[in-house]
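Chain by chain, the residues:
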Amino acid sequence: MADAAGRLTKLAEEVLGAPLPVRIRAWDRSESGPPGAPTLVIRHRRALRRLLFKPGELGLARAWVAGDLDIEGDLYEALDRLAGLIWERDDAPKPQRAAVLRALARPELRAAARELLSLAGAPVPPTPPAEEVRRRRGPLHTLRRDKEAISHHYDVGNDFYALVLGPSMVYSCAYWESPEATLEDAQRDKLDLICRKLGLREGRRLLDVGCGWGSMVLHAAREYGVRAVGITLSEEQATFARKRIAEAGLADRIEIRVQDYREIKDEPFDAISSIGMAEHVGRTQYAEYADALYSLLKPGGRLLNHQIARRPLADEEAYHVDEFIDRYVFPDGELAPIGRTVGQLEDAGFEVRDVEAIREHYALTLRSWVTNLERHWDEAARLTSAGRARVWRLYMAASALSFERNRIGVNQVLAVRTPEGGASGVSLRERTWTG
């Protein structure tokens, strides 16, 4: 068993057909790989068994969440170096993926497989970490299944989220004047930008779909004098938001409901904000989502849809959510290209007036959240679990890189339920965002 790191490096490079871009430190304290590079720490042979029984991204995710696998050094640099080698992504470099498949087909790799089996130890499949969502049954995006998916992601403790998000309690892309700005200022600027795009003012009625911990409705009521309804499927978020609203003395202007957007019956609204919620809707339900929001607005009312987008694929039917995100982060979540989103909003009857891409802003936001999590690591792990904290650290750091590398983006789409006469109510110089 001596020099497990050297044996693993040799095996990895044989399969990849290229030098391993990180160092390896194994459970026997042996090390191998390029000096000065980030180190992939394999704390237990169980990590190899996880990969053998579930090759690819899910096996790696289970090893990471369980603590069998770790990274020492710069996490972002390590993930950047490993991208396309070990994560199965639609945007992974095709030559590398093809090389791996060719290598696995070579007869001589049977010996490598036997070597890996000997390193892995007892051929028993390890139990998945408790943080993993077990395989779900039944149709996607029913009211009950969506509520369960939202609960998995958001009902992990308000105190935990407060450590990560900071005092703003805003869990979506901020709007940065510069990289030197504070997260709090950037989140306030994002909320204010949305209010201006929606043309909010005294006496108007706002619906915030997926209201989170109430930050948007609080800002809109306090700064713009609107009456607001915020809806969420998370009981913990609703409790927290109602407490904040009461403390702000705005309970007479804001109502928080645990409610699905498909259940709202007290329309119409002058404006709707949907900030980081539509990613949960799913492709099969998106037309219904767009139709529902259109029907909830008054003629002339505005929708601000703030949504993550992925790059389009040559074969859209080949799209799949990666297993780590689906099992550990956003169950049943799906991303769509911005073109499809705009098209479906138009199909519902909306006039799309503006699309603002703010991809780089989300990278800055995510890096700030990772910094907050790392700064309060022990407390965060205590408030939820070490595994859950590891999930959040990995997904936020990897997502930051994806935004920086243009693998995914985020867009604010302003759409209007324009009356038949054609008067949209949007000013001639739209980017001034005056009401």
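Residues numbered from 1 in each chain as written. Predicted model: local features only at pLDDT ≥ 70, side-chain atom pairs only at ≥ 80, totals over all residues. Heavy atoms only, no water.

J.: Explain the overall build of the protein chain to me, please; I cannot follow it from the model alone.
T.: Secondary structure assignment for the protein chain yields 17 helices and eleven strands. Split into buried and exposed, the 435 residues of the protein chain put 54% on the buried side. When contacts within the protein chain are restricted to residue pairs at least 6 apart in sequence, those whose partners lie at least 24 apart make up 73%. (Helix = DSSP H or I, 4+ residues; strand = E, 2+ residues; numbered from the N terminus. Buried < 20%, exposed > 50% of the residue type's maximum accessible area, 1.4 Å probe, protein only. Contact = heavy atoms within 4.5 Å.)

J.: Just to check I follow, could you spell out the packing of helix H8 (residues 158-165) against helix H15 (residues 359-375) for this structure?
T.: The angle between the axes and the distance between the axes are what describe a pair of packed helices. Two elements in contact, H8 and H15, have axes whose closest approach is 7 Å; the angle formed by their N-to-C orientations is 120 degrees. As far as their axial angle goes, H15 and H8 are oblique. Of the residues in H15, those in contact with Phe160, Leu163, Val164 and Leu165 of H8 are Trp369, Asn372 and Leu373. Tallied by class, residues from the contact of H8 with H15 come to six nonpolar, one polar and no charged. (Axes fitted to C-alpha atoms, helices over the stretch in contact; angles between N-to-C directions. Parallel < 35°, antiparallel > 145°, perpendicular 65-115°, else oblique. Nonpolar A, V, L, I, M, F, W, Y, C, P; charged D, E, K, R; others polar.)

J.: Honestly, the pattern of salt bridges in this entry has me stumped. Any pointers?
T.: Should their charged atoms come close, side chains of opposite charge can pair. Counted under the stated rule, the structure contains 32 salt bridges. Salt-bridge contacts for Glu132 lead to Arg327; the nearest nitrogen and oxygen are separated by 2.7 Å. Of this pair, Glu132 sits in the loop between helix H6 (109-120) and helix H7 (143-154) while Arg327 sits in helix H13 (residues 323-329); the two residues are 195 residues apart in sequence, bridging distant segments of the chain. A relative accessible area of 5% means that Glu132 is categorised as buried. A residue is classified by how much of its surface remains accessible, and Arg327, at 8% relative accessible area, is buried. With a shortest N-O distance of 3.2 Å, Arg340 and Glu316 are connected by a salt bridge. Of the two residues, Arg340 is situated in helix H14 (residues 338-347) and Glu316 in the loop between strand S9 (297-310) and H13; the sequence distance between them amounts to 24 residues. Its relative accessible area of 18% is what places Glu316 among the buried residues. (Salt bridge = Lys/Arg side-chain N within 4 Å of Asp/Glu carboxyl O.)

J.: Where do I start with the environment of Gly33 in this structure?
T.: With respect to the helices and strands, the residue Gly33 is situated in the loop between strand S2 (31-32) and strand S3 (39-42). The spacing of Gly33 and Thr9 is 24 residues in sequence and 7.0 Å in space, taken between C-alpha atoms. In this view, Gly33 contacts Val22 and Arg23; residues no more than four positions away in its chain are not counted.

J.: Explain the side chain of Arg310 to me, please; I cannot follow it from the model alone.
T.: Topologically, Arg310 is positioned in strand S9. One polar contact links Arg310 to Glu316, side chain to side chain, over a distance of 2.5 Å. A polar contact is formed between the side chain of Arg310 and the backbone oxygen of Leu335, at a distance of 2.8 Å. Excluding its chain neighbours within four sequence positions, the residues that come into contact with Arg310 are Glu316, Tyr319, Leu335, Ala336, Pro337, Arg340, Arg407 and Ile408. (Polar contact = N/O pair within 3.5 Å; in protein donor to acceptor, adjacent residues only side chain to side chain.)

J.: I'm lost on the packing of aromatic side chains in this one. Help?
T.: Two descriptors summarise a pair of aromatic rings, namely the distance from one centre to the other and the angle between the planes of the rings. Tallied over the entire structure, the rule returns 15 aromatic pairs. Consider the rings of Tyr161 and Trp213, whose centres lie 4.7 Å apart with planes at 50 degrees: the pair is tilted. With a gap of 52 residues between them, Tyr161 in helix H8 and Trp213 in the loop between strand S5 (205-209) and helix H10 (215-224) connect regions that are remote in the sequence. Neither Tyr161 nor Trp213 differs from the other in exposure class; each is buried. Between the aromatic rings of Tyr294 and Phe350, the centroid separation amounts to 5.1 Å while the plane-to-plane angle is 90 degrees, which identifies the pairing as edge-to-face. You can see Tyr294 sitting in helix H12 (residues 286-296) and its partner Phe350 sitting in the loop between H14 and strand S10 (351-357), a full 56 residues away along the chain. Ring pairs connect the aromatic residues Phe160, Tyr161, Tyr171, Trp213, Phe330, Tyr362, Trp369, Trp392, Tyr395 and Phe403, which therefore count as one cluster. (Phe/Tyr/Trp six-rings, centres within 6.5 Å; stacked < 30°, edge-to-face > 60°.)

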